[in-house]
Amino acid sequence: MHPTAIEPDAAAQTPVNLHNLGRVRVLQALTDAPALSRAELVRRTGLARATVGSVILELITAGLVRESAEGAPTAGQRAGRPPQLVSLEPDAGYAVGLDVGHDHVRAVLTDVVGTSRWDRSEAIAVDDDPERALDTAVRLIASAVQDTAVAPEKILGLGLGIACPIDKATGGLRAEGIMPGWVGTRPADVLAARTGLPTRIINDANAGVLAERRFGAARDCADVVYVRLAAGIGAGMMSDGRMLLGHLGLAGELGHVVVERDGAVCRCGGRGCLETVASPAAITGLLARSWGQPVGSVDLADLLRRGDRGALRAVEDAGEAVGRALSTVVSLLNPELVVIGGDLVEAGEALLEPMRRTLNRGTMGSLHQRLRIVPSLLGDSAGARGAAALVLDGVPERLGK
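### Quick word on the state of the cysteines
Thought 1: Scanning the entire structure with this criterion turns up 0 disulfides.
Thought 2: Cys266 takes part in no disulfide bond, and the closest cysteine sulfur, belonging to Cys268, lies 3.7 Å away.
Thought 3: Classification of Cys266 as buried rests on a relative accessible area of 7%.

### Things to note about the side chain of Asp111
Thought 1: Mapped onto the elements, Asp111 comes out in strand S6 (residues 104-111).
Thought 2: A polar side-chain atom of Asp111 sits 3.1 Å from the main-chain amide nitrogen of Val113.
Thought 3: Discounting residues that sit within four places of it in the chain, Asp111 has contacts with Pro90, Gly93, Tyr94, Arg117 and Leu392.

### Section: the sheet that holds strand S4 (residues 85-88)
Thought 1: Read across the open sheet, the 3 strands follow the order S2-S4-S3; overall the sheet is antiparallel. Two strands in the sheet have a free side with no partner beyond their single neighbour: strand S2 (36-37) and strand S3 (65-68).
Thought 2: Alignment of S3 against S4, held across 4 bridges, turns out to be antiparallel. Of the residues in S4, the one forming a bridge with Glu67 is Val86.
Thought 3: Sitting on the sheet, helix H2 (residues 21-32) touches S2, S3 and S4, and the angle it makes with S4 is about 90 degrees.

### With respect to the nonpolar core
Thought 1: Judged by nonpolar contacts, the single largest core of 49 residues is most densely connected at Leu30, Leu41, Val65, Val339 and Leu399.
Thought 2: When residues in this core are grouped by element, the largest group, 7 residues, is from helix H14 (residues 382-392).
Thought 3: Sequence-distant contacts of Leu399, that is, excluding residues within four places in its chain, are made with Arg23, Leu27, Leu64, Ala92, Val112 and Leu156.
Thought 4: Leu229, Leu254, Ile283 and Leu352 belong to the second largest nonpolar core, which has 40 residues in total.

Rules used in this analysis
Residues numbered from 1 in each chain as written. Predicted model: local features only at pLDDT ≥ 70, side-chain atom pairs only at ≥ 80, totals over all residues. Heavy atoms only, no water. Disulfide = S-S within 2.5 Å. Buried < 20%, exposed > 50% of the residue type's maximum accessible area, 1.4 Å probe, protein only. Helix = DSSP H or I, 4+ residues; strand = E, 2+ residues; numbered from the N terminus. Polar contact = N/O pair within 3.5 Å; in protein donor to acceptor, adjacent residues only side chain to side chain. Contact = heavy atoms within 4.5 Å. Pairing = 2+ DSSP bridges. Axes fitted to C-alpha atoms, helices over the stretch in contact; angles between N-to-C directions. Core = buried A, V, L, I, M, F, W, Y, C linked by side-chain atoms within 4.5 Å.

Next up, the structure:
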């Protein structure tokens, strides 16, 4: 099965048999909203009331949707029996999402409405050992299927989020200098062959913005930037509800924006990149050099909880650096929301307040007066759930056949 990279209009490009068009439209409406009345389905799909009724009956019979008598009266409705609400049957299908970071592999299994049914992560050095990382991914997927007793034929596909730029045309990795052991590999091909699942691949930050918009802090936001502050730093960006990928699909490499002209040399070959200043590894490295003793990521979290002044100062400096990089992004894209995710977001306001302050200094008032900068609601699960959402985006076409 041929894997693909994420494309903004992938669902729209999928050919649909006219006979099934009504099913697809109803399923698409129910994918976009958790529950709708029949009247609302008529309005959203543009189908005749009789057609919607027929399609709903057909989908209920097939076990794809359910109808509930419960629900509050809609605005303007007379008192009396509340409308019956139609929603997707959660067990109609499942999706697997993988998050392959620099230091971990995480897998989730979600139902068709995106509820996580199984979630597990394993710490592993990924950058130089793709074979071990992919073996771990395959083993986690097998465990998910076994532990949940989900019928394999009900799994609609696999989404792979990876901490590496993805060429949107080929699905290949641009791993040079970032994940050196992965140069020339085709991880989506390998996983498709080993699992038998249709596989799509996406950069981890793009997976994050997809997850936050669908399940988390960015719901109902059309213009949003998601920043992942982890072992690598990246940004996923949406403008008017569309993912911004750039010419080759490499947009959003925020971690390699220069914030210190004479700073440390980055693994990408640049000097003074944001990643050399604001990643957890950069902060713990700074503290270790200053204190003359090893400091790990677990130590950093504990230091922040205890209010250690040195750790707080290092995180505040990191927040200012992120704010400087984000000021350019905000000036170019004018988002309504910036969501901060990844390991470092656990620092809370110690990170976010200097970020906001620096961004406000670096942008026009009209750009930041109504801009919100908030922590992720999904935490560490954003990457894996966003990868699963890649599969769920194709639910109307897959189940509407």
